[in-house]
Structures are given as structure tokens and as C-alpha cells.
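# Examination of the molecular architecture
This is what each chain is made of:
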Amino acid sequence: MSLVEMFPEITKRNEPLAPYTHLKIGGPAELLVQPRSVDELRRVLTACQSKKVPVRMLGGGHNLLVRDDPVPGAVVKLTAPAFTMLEWDGKRITAGGGGSLFDLIAFSVRQGLTGLETLVGLRGTVGGSVRCNVGDRSGEIGAGVRQVTVLTEAGKVEVRTQEELNFSEHQSDIDEPVILNVVFELDP
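In this report, the structure presented in the accompanying data block is examined.

Each value, and the rule that gives it
Residue numbers here run from 1 along each chain, matching the order of that chain's written sequence. Local features in a predicted model are, by the rule used here, given only for residues with pLDDT of at least 70; side-chain atom pairs are given and counted only at 80 or more, and totals for whole chains, interfaces and linings are based on all residues. Calculation of side-chain values draws on the structure's entire complement of heavy atoms; hydrogens and water are dropped beforehand. Runs of H or I in DSSP of at least four residues are treated as helices and runs of E of at least two as strands, each being numbered from the N terminus. Only C-alpha atoms enter the radius of gyration, while the globule expectation follows 2.2 Å times N to the 0.38, with N the number of residues. Note on exposure labels: buried denotes an accessible area under 20% of the residue type's maximum, exposed denotes more than 50%, and partly exposed covers the range between, all computed with a 1.4 Å probe on protein chains only. Contact definition: two residues touch when any of their heavy atoms are within 4.5 Å. What sets the accessible areas is the Shrake-Rupley method with a 1.4 Å probe; for residues, cover comes only from the shown protein chains. By the counting rule applied here, Lys and Arg register as positive and Asp and Glu as negative, while His and the ends of each chain are not counted. Charged groups are reduced to one reference atom each: NZ for lysine, CZ for arginine, CG for aspartic acid, CD for glutamic acid. For salt bridges, the criterion is a side-chain nitrogen of Lys or Arg within 4 Å of an Asp or Glu carboxyl oxygen. In this analysis the probe radius is 1.4 Å and the grid spacing 1 Å, with only protein atoms considered; a cavity is a set of points the probe fits into but cannot get out of, a pocket is an open set with protein on both sides within 12 Å along at least five of seven lines, and lining residues have an atom within 4 Å of a point. Grid points are joined across faces, edges and corners, and a volume is the space filled by probe spheres set on the points. Polar here means any residue outside two lists: the nonpolar Ala, Val, Leu, Ile, Met, Phe, Trp, Tyr, Cys and Pro, and the charged Asp, Glu, Lys and Arg; Gly therefore counts as polar. Strands qualify as paired when DSSP identifies two bridges or more between them. Here, axes are lines fitted to C-alpha atoms. For helices the fit covers the stretch in contact, and angles between N-to-C directions go from 0 to 180 degrees.

### A look at the overall build of the protein chain
Summing up its helical and strand segments, the protein chain has 5 helices and 13 strands in all. The C-alpha radius of gyration of the protein chain comes to 17 Å, within 12% of the 16 Å expected for a compact globule of 188 residues. If you line up the protein chain on its principal axes, its C-alpha atoms span 50 × 35 × 30 Å. Counting the 188 residues in the protein chain, one finds 44% classified as buried. Of the contacts formed within the protein chain by residues at least 6 apart in sequence, a portion of 59% connects residues at least 24 apart. For the protein chain, the computed accessible surface area is about 9800 Å², with 51% contributed by carbon and sulfur atoms. For the protein chain, the distance from the average site of its 20 positive side-chain charges to the average site of its 24 negative ones is 4 Å.

Structure representation (C-alpha cells):
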């Protein structure tokens, strides 16, 4: 059974990637998959692994050039509410890894929190921004990160705490395939 047959509601065959990138260029993905839940994402990645289908995660489409030739395998884009959610509990914000960095910054400002404003103008997803530790000489996103929930290659959901994470200039040690969500602790 093919991925399209296994996941017909969330899989598109030969989907042009240009609309999903900042520069609006690029050929089609053999398969574009947009899971609706963590469990569905886990099943997609497990199916891809068992069928030896290469997987590429597509974030916000910034800093990305997609060739005109078809992209083989599955391109996974996390746009469902399960991956773009924003929650606030007073001092901490939990942000879905597929959500936009802009939305996270705007949400933190609406809650009266500071710590992310140095990132205004940077584009991308929360997950990609944390993986790459985006920022400038005024500050980097990693400074506010307290916890990252990831999905491992084995399909296991794991939580990595601040003590387990290492951030340096424009990089982190997060190498799991998917960042599901990030907890930020910010100042009033």
C-alpha cells in the first residue's frame, strides 16, 4: 500500500513546492504530506521509514532554494493546529514547532512578555528557528528556551530540558527529525 493510499486525506502527489517557499520557486514534491496530529505524523514517518521513502521537513520555506526537478520522497509540512499552537501560563509560552516565529513574537508581546523582540524581522518557523538558534548580537532565541519536545527517528516523543540542550552561534545540538513544541520562559 502506498503512502497516498495509507494517508489519502493529508497527502498530495506531485504538489508544486513554489507556493510553500519565500522565493516562490521550485518544482514539485513527489508527495507533500501535512499531518493533522502527532500520532498521524508518527505513523507517516514510520511508514516512510519502513518503505524506505526519503523524508524532508519543510518549515517556513525561508532560506531555501528548491530545484525545478521533482523532489523525490515525502516532503512533510506541519501546518495543523497541533503543530502551530501557542499557549501561555503566566511566564512561559509553549509554541508549536510548525508555527511561525512572527506569530510567537506577536503573542509574547500581547502577553506583556519580553525576550524575543530582538528577533523581529527574522522569518521562519519556531522549530527551525530554535534548531538554528536564530538571532544576532543582541540575543538569540536559545536564551529563552526551557524545554523542547521532539519526535525521534524511532517515532518516540521525548522532552529535552534546558540542561540537556546546547546552543551556540547559529546552531543547537537538536538533531531529532521533528521539533514538536518549545517552551520559552520570558520576562514581564
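On we go.
### Observations regarding the pattern of salt bridges
For the structure shown, the criterion picks out 8 salt bridges. Among the salt bridges present, the one from R160 reaches E176, with a minimum N-O distance of 3.2 Å. Placement of R160 in strand β10 (residues 157–161) and of E176 in the loop between β12 (171–172) and β13 (178–185) is noted, with a sequence separation of 16 residues between them. The two residues R160 and E176 agree in class, both being buried. Among the ionic contacts, a cluster of salt bridges with common partners joins E9, R36 and E40.

### Quick look at the layout of surface pockets
Taken as a whole, the largest pocket encloses approximately 840 Å³ of empty space. In terms of lining residues, the largest pocket is bounded by 35 residues, among which L58, G59, G60, T125 and G128 are the most central. At the level of elements, β3 (55–58), β4 (71–77), α5 (126–131) and β13 are the ones that each hand at least two residues to the lining of the largest pocket. Tallied by class, residues from the lining of the largest pocket come to 16 nonpolar, 14 polar and 5 charged. In this structure, the second largest pocket spans a volume of roughly 230 Å³. For the lining of the second largest pocket, the secondary-structure elements that each account for two or more residues are α2 (38–50) and β3. Here the lining of the second largest pocket is built from residues that sort into 6 nonpolar, 3 polar and 3 charged.

### What about the sheet that holds strand β2 (residues 28–33)?
One open sheet holds the 4 strands; their spatial order is β1-β2-β4-β3, and the pairing between them is mixed. Sheet topology places β1 (11–16) and β3 at the edges, where each strand pairs with a single neighbour. Between one strand axis and the next, the sheet turns by 35° as a mean value, whatever way the strands run.

### What to know about the sheet that holds β10
Pairing is antiparallel in the open sheet, where 5 strands are placed in the order β5-β6-β13-β9-β10. The open sheet has two free edges, formed respectively by β5 (86–88) and β10, since each of these has just one partner strand. For this sheet, the mean angle separating the axes of adjacent strands, direction not counted, is 15°. With respect to the sheet, α2 is in contact with β9 (145–151), β10 and β13, its orientation differing from that of β13 by roughly 145°. Relative to β5, helix α4 (residues 101–110) is tilted by about 25°, and along the sheet it contacts β5, β6 (92–96) and β13.

### Some points on the pairing of β6
Taken across its 5 residues, β6 has 4 buried, putting it largely inside the fold. Pairing of β5 with β6 involves 3 bridges; the strand directions are antiparallel. Paired with E87 across the two strands is T94, which belongs to β6. The antiparallel hairpin formed by β5 and β6 contains 3 residues in its connecting segment, where G90 sits at a positive phi of about 115°. In this structure, β6 lies alongside β13, joined through 5 bridges in antiparallel fashion. Directly across from G96, in β13, lies its bridge partner N181.

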